[in-house]
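Structural characterization, general
Listed below are the residues making up each chain.
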Amino acid sequence: MSRVEEILSVGIDIGTTTTSMVISRLKIRNIAGIFATPKIEIVEKRVVHRSGVYLTPLVDEINLNFAEVAEIIKKEYRLARVNPDEIRTGAVIITGDAARKENAENVLKAISNTAGSFVVAAAGPRLEAVLAGRGSGAAQLSKDAGLKICNIDIGGGTTNAAVFDKGKLVSTFCANIGGRLIKFVPGTNVIAEFSPAGKTIAEECGVVLCKGIQLTMQSIVSMADRLADCLLNILSGKVDGLSEKLAIGRLPESPLEIDCIMFSGGVGRLFYEDETKADAKSSLKYGDIGPILAEMIRSKKNRIRAEIIRPVETIYATVIGAGIHSTELSGSTIYISDPEILPLKDIPVVRIDDPYKKANTLKSEIMKKIEIFKDGGNTMLPALVIPQMAKLGFNRIRVVVNAIAEAVRTADHTSPVVIVCEDDIGNVVGVLLYELVRKERVVISIDQIIMKEGDYIDIGKPLYNGKVVPVALKTLVFAN
Amino acid sequence: MIDEKEIKSIVEAVIKELGIGKNQVVDGSLAKKAEGDDGKILPDLCELNLAEWFLIPDPAEKEGFLRIKRKTPARLGVWRAGTRYKLEPWIRFRADLAAAKDAVLTEVDSQFIKKLGLFEVQTVVKDKDEYLTRPDLGRKLSEEAKKKILEECPKSPNVQLIVVDGLSSTAIEANAADFIPSFMQAIKTYNLTLGKPFFIKFGRVAVMDEVGELLSPDVVVELVGERPGLVTAKSMSAYMCYKPNKNTIESDRMLVSNIHEGGMPPVEAGAHVASIVKKIYDAKASGVKLTDQ
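1. Looking at the pairing of strand β11 (residues 191-194) of chain A
On any regular strand, side chains alternate: one points to one face of the sheet, the next to the other face. Residue and element names in this part refer to chain A. In terms of strand pairing, strand β10 (residues 182-184) meets β11 through three bridges, oriented antiparallel. Looking across to β11, one finds that I182 is bridged to F194. If you look at the hairpin formed by β10 and β11, you'll find six residues sitting between the two strands, and G187 has a positive phi there, around 80°.

Here it is, written out as structure tokens:
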């Protein structure tokens with residue numbers, strides 16, 4: 001049995017309503033036999049600390065209170081007895097309405113620095129959908145059972161759905177449907193606050209919203225009922241006027257053909273709780289429409305054409321997704337000429353379109369792509385993706401590497417050159433490239449990672465005696 | 001034993017007499033398509049992807065079965081005729097077996113060895129029959145071989161590369177050309193000196209011990225064709241050992257196996273093996289003495 005190395009990973013989810021954090025322990029091990037080429041993988045993921053669910057601190061309606069967020073994180077590190085320096089990987093994700101705050105990016109940056117040496121800042125409803133689907137267990141179950149499963153994460157401000165087919169993400173969709181579109185003064189049905197989406201749904205139901213006025217139970221129920229209807233219409237591919245207004249991006253155009261469905265998020269948790277007859281007091285106990293919305297969805301569940309199953313996680317799904325499932329490991333034969341320069345964050349990615357082109361064409365194409373990033377004021381060369389090749393011959397690889405070396409020579413700044421190979425050729429590409437550019441640059445060449453043009457990548461410090469690096473792929477940062 | 005050329009000429013003569021398919025069989029390349037009696041073209045069963053070959057009639061859950069099939073190269077779900085294989089899976093099985101046998105019985109083309117820039121020597125083994133029946137002889141270099149090696153090769157390099165046919169000539173022909181340049185480049189990057197590489201015919205793994213005695217390199221890397229199986233006949237191993245000599249035991253050796261297009265690509269294996277060689281060189285130990293793993 002080979003050595004097991006443990007790393008700590010953190011996930012922080014700053015949502016419209018609540019902020020939470022989990023710390024997980026990932027075990028990595030060489031799963032290949034002693035005589036085989038190393039194959040290092042994450043073999044166990046375990047949550048070791050869950051924070052309480054905090055109300056997201058805001059200084060006003062549009063700005064997050066960063067100092068307080070940082071306090072929460074520090075406090076939870078203390079409770080978990082973890083030193084921020086021990087954190088090797090993870091993600092901060094600002095979701096829902098909070099992600100739209102103008103200064104989100106700066107806040108994220110500030111949080112990254114207090115939250116350990118390698119923490120990713122990422123946001124956007126589609127990414128939230130994917131993370132929730134992984135954290136809820138939908139992705140894993142879909143893979144293990146070979147089923148097509150949809151996870152619907154219903155939070156305070158948004159509903160984020162992800163569909164997995166045999167473990168592979170096939171689609172996401174999002175809408176402004178949530179439990180806190182309308183908030184009440186605690187213990188009453190007096191309106192405290194409402195979001196633009198709350199106003200939309202009220203108008204649809206002929207209810208007038210105004211801070212400080214009391215709503216009848218009947219109007220509250222009618223709005224929750226309409227929201228539940230809207231959600232079920234979306235699932236059956238029926239786009240109505242309201243769902244179009246609440247949509248974030250594209251909604252499915254035909255009924256979802258799925259085997260199973262599960263609900264996560266705060267409203268998701270309420271969905272699975274014991275059915276209690278909605279009396280006015282208990283249904284408004286959180287000062288929002290969440291419990292009634294959950295009740296309304298439950299009452300219409302026979303309209304869902306799929307088996308309804310329970311997720312492993314509900315309210316913590318997104319944060320666990322962020323903490324555990326946002327990181328992957330590179331292939332196990334890679335080349336890093338100087339590990340000291342890691343971690344590197346937010347490296348933009350460009351692809352070499354066709355590695356079989358003539359040497360000169362390759363070179364000029366790569367130069368063009370690098371040039372674009374230079375104009376954007378970047379001080380870092382973009383990472384170059386070498387796409388999968390039909391045949392991995394030495395001569396062709398050398399042609400590609402020579403073209404890269406000549407192209408990066410024309411770039412002024414002396415940043416490291418990062419190569420991402422889709423095939424298992426990271427080591428040889430690194431060796432060949434380093435020979436050509438060793439005087440000027442550090443070379444980092446990793447492999448067995450699939451990326452698209454326009455993605456960003458974070459590369460962490462090497463693990464397992466330098467055999468692998470953790471990478472976080474950021475496809476959907478600030479997608480909205 | 002009749003040599004390959006003689007067999008070829010006999011087959012050629014027979015075919016000529018029968019007046020069929022000139023050269024098709026003779027040049028040894030597999031005919032891609034064969035014409036049946038009715039003029040219809042039969043498919044080449046060797047082209048079929050085993051992972052997707054599914055012959056169960058009326059399966060309850062084909063998708064699930066295919067998922068299982070993707071996890072193993074075993075011939076699952078090829079159905080049966082009574083208690084036997086169906087015809088096509090049976091022919092394919094025979095074809096794969098034949099490819100495995102060919103890999104053992106054919107010899108590495110000497111033109112190929114020249115193209116790699118290697119010179120060729122032989123163990124004390126005289127022919128393939130003796131090679132297969134006398135493993136002990138495959139570990140000993142002939143006197144002629146020793147003389148040639150001493151003439152051609154500089155002594156005491158950091159790294160000595162040797163290429164050995166072993167049990168699959170096919171594996172060497174399929175992988176060595178991509179492995180060697182990648183390996184050499186990486187060794188150069190580590191600032192290690194490389195001796196003059198050469199090819200040993202009718203060799204076994206432990207022949208490296210004699211090479212070690214003759215040339216005293218710090219590390220020997222030996223590419224050798226693996227015993228072929230029904231999944232692939234093209235798998236190559238790279239054995240490594242720190243200062244191999246007549247007292248070397250098996251636990252001193254280490255290897256990277258499964259080098260072929262469906263396993264570790266040879267071009268990547270070259271760089272990977274070089275990185276292990278560097279570790280061996282720095283630690284002055286290999287095998288279980290190198291306790292890193």
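On we go.
2. Here's the deal with the interface of chain B and chain A
Many structure descriptions define interface size as the accessible area lost when the parts assemble. Listed per partner, the contact involves 23 residues of chain B and 21 residues of chain A. Broken down by secondary-structure element, the contributors of at least two residues to the side of chain B that touches chain A are α2 (62-70), α7 (169-189), β8 (254-259) and α9 (266-283) of chain B. Looking at the side of chain B that touches chain A, its residues break down into eight nonpolar, 10 polar and five charged.

3. Here's the deal with the pairing of strand β5 (residues 87-94) of chain A
All names here are of chain A. Burial of β5 is extensive: seven of the eight residues sit out of reach of the surface. Here strand β1 (residues 4-14) runs beside β5; their pairing, made up of seven bridges, is parallel. Each bridged residue has a counterpart across the sheet, and for I12 the counterpart in β5 is V92.

4. Section: the sheet that holds strand β7 (residues 148-154) of chain A
Residue and element names in this part refer to chain A. An order of β12-β9-β8-β7-β13-β14 is seen for the six strands of this open sheet, with the pairing classed as mixed. Here the strands that pair on one side only, and so sit at the sheet edges, are β12 (247-248) and β14 (307-308). Looking at chain direction, strand β8 (residues 159-165) and strand β9 (residues 168-175) are connected through seven bridges and run antiparallel. Counted as the bridge partner of V163 is S171 from β9.

5. With respect to the environment of E371 of chain A
Summarising the element assignment, E371 of chain A is placed in helix α12 (residues 359-375). A C-alpha to C-alpha distance of 25 Å links E371 of chain A and V431 of chain A, two positions 60 residues apart in sequence.

6. Describing the domain arrangement of chain A
Domain annotation for chain A reports domain 1 (4-123), domain 2 (128-315) and domain 3 (328-474). Of all elements in the fold, only β1, β3 (40-50), β5 and β6 (120-123) of chain A reach the threshold of two or more residues within the side of domain 1 of chain A that touches domain 3 of chain A.

7. Observations concerning the packing of helix α13 (residues 394-409) of chain A against helix α14 (residues 426-437) of chain A
All names here are of chain A. Remark: α13 packs on α14, axes separated minimally by 9 Å, with the N-to-C direction vectors making an angle of 40°. Between α13 and α14, the interaxial angle falls into the category oblique. As α13 packs across α14, the resulting crossing turns out to be right-handed. Of α14, the residues touching α13 (which contributes I397, R398, V401, I404, A405 and V408) are V428, V429, L432, L433, L436 and V437. Of the residues contributing to the contact of α13 with α14, the split by class is 11 nonpolar, no polar and one charged.

8. Some thoughts on the sheet that holds strand β7 (residues 236-242) of chain B
Residues and elements named next belong to chain B. Reading across from one edge, β3-β5-β4-β6-β7-β8 is the order of the six strands in this open sheet, with mixed pairing throughout. In this open sheet, the two edge strands, each paired with only one partner strand, are β3 (119-122) and β8. If you compare each strand with its neighbour and ignore which way they point, the axes differ by 25° on average. As paired elements, β7 and β8 share four bridges and run antiparallel to each other. Each residue of the ladder has a partner; that of M236, found in β8, is I259. In this fold helix α6 (residues 143-152) packs onto β3 and β5 (198-201), with an angle of close to 150° to the strand it touches most, β3. Where α7 meets the sheet, its contacts fall on β4 (159-164), β6 (219-225), β7 and β8, and the angle it forms with β6 comes to roughly 155°.

So, how was this worked out
- Residues numbered from 1 in each chain as written.
- Chains lettered and ligands numbered in written order.
- Predicted model: local features only at pLDDT ≥ 70, side-chain atom pairs only at ≥ 80, totals over all residues.
- Pairing = 2+ DSSP bridges.
- Helix = DSSP H or I, 4+ residues; strand = E, 2+ residues; numbered from the N terminus.
- Contact = placed C-beta atoms within 7 Å.
- Nonpolar A, V, L, I, M, F, W, Y, C, P; charged D, E, K, R; others polar.
- Buried ≥ 20, exposed ≤ 12 C-beta atoms within 10 Å, placed from the backbone.
- Domains from an automatic or database assignment.
- Axes fitted to C-alpha atoms, helices over the stretch in contact; angles between N-to-C directions.
- Parallel < 35°, antiparallel > 145°, perpendicular 65-115°, else oblique.
- Left-handed = near helix turned anticlockwise from the far one by under 90°.

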